[in-house]
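Architecture and fold: a report
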Amino acid sequence: GLAAVSKVPALGWVQMVAYAAYCELSGPRTRAANTSDYADLAPGDYGWTVLTSSDPAELTKKLNAEIANSRLAMVAILGMFFQDGLTGSAW
């Protein structure tokens, strides 16, 4: 739960933030991150489709359902954080 946040030493947080900053600021330097190899592909095109459809109405329905489920998940985890902060247990 939230008690784990206080168990991480200060230098641990510094290390995590420094690594995240390094990853963000270093930019794409490897061949795997070279986007010129994939210039003809659309972002998110992995060769298989789940949330796509040739019918615009069906596509809108699927995308709206995905947004609704994502929002529900965010509210649920916030509720668990709140309950954990109040009672010390998320369950």
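Since the model is a prediction, treat every value here as computed from it, not as a measurement.

Turning to the overall build of the protein chain, a few remarks are in order. The secondary structure content of the protein chain amounts to three helices and zero strands. Reading the protein chain from its N terminus to its C terminus gives the helix and strand order α-α-α. Counting all 91 residues of the protein chain, 3% fall into the buried class. Of the roughly 8000 Å² of accessible surface on the protein chain, 66% is carried by carbon and sulfur atoms.

Next up on the list: helix α3 (residues 56-87). With 32 residues, α3 extends 46 Å from end C-alpha to end C-alpha; this agrees with the ideal 46 Å at 1.5 Å per step. Once α3 ends, the next one or two residues include Gly-88, with phi positive near 85°.

Here we come to the packing of aromatic side chains. If you walk through the whole model with that rule in mind, you get one aromatic pair. Considering the side-chain rings of Tyr-19 and Tyr-22, the 6.5 Å spacing of their centres and the 35° angle between planes classify their relative orientation as tilted. Here Tyr-19 and its partner Tyr-22 are both found in helix α2 (residues 10-26), three residues apart, which amounts to about one turn of the helix. The exposure class assigned to Tyr-22 is exposed, which follows from its relative accessible area of 55%.

The share of residues in the protein chain with pLDDT of 70 or more is 73%, and the mean pLDDT across the chain is 81. Averaged over each element, pLDDT in the protein chain is lowest for helix α1 (residues 3-7) (86) and highest for α3 (91).

This brings us to the environment of Val-8. On the secondary structure map, Val-8 appears in the loop between α1 and α2. The residues touching Val-8, leaving out its near neighbours within four places in the chain, are Trp-13 and Met-16.

A cluster of nonpolar side chains, contributed by Leu-2, Val-5, Trp-13, Met-16, Ile-77, Leu-78 and Phe-81, occupies part of the molecular surface with about 640 Å² of accessible area. The greatest single-element share of the nonpolar patch, amounting to three residues, is contributed by α3. Its place among the elements puts Phe-81 in helix α3.

Definitions and limits used
- Residues numbered from 1 in each chain as written.
- Predicted model: local features only at pLDDT ≥ 70, side-chain atom pairs only at ≥ 80, totals over all residues.
- Heavy atoms only, no water.
- Helix = DSSP H or I, 4+ residues; strand = E, 2+ residues; numbered from the N terminus.
- Buried < 20%, exposed > 50% of the residue type's maximum accessible area, 1.4 Å probe, protein only.
- Areas by Shrake-Rupley, 256 points an atom, 1.4 Å probe, with all protein chains shown as cover.
- Expected span 1.5 Å × (residues − 1).
- Phe/Tyr/Trp six-rings, centres within 6.5 Å; stacked < 30°, edge-to-face > 60°.
- pLDDT = per-residue confidence, 0-100.
- Contact = heavy atoms within 4.5 Å.
- Patch = residues over 30% accessible without salt bridge, like charges linked within 9 Å, V, L, I, M, F, W, Y side chains within 5 Å.
- Salt bridge = Lys/Arg side-chain N within 4 Å of Asp/Glu carboxyl O.

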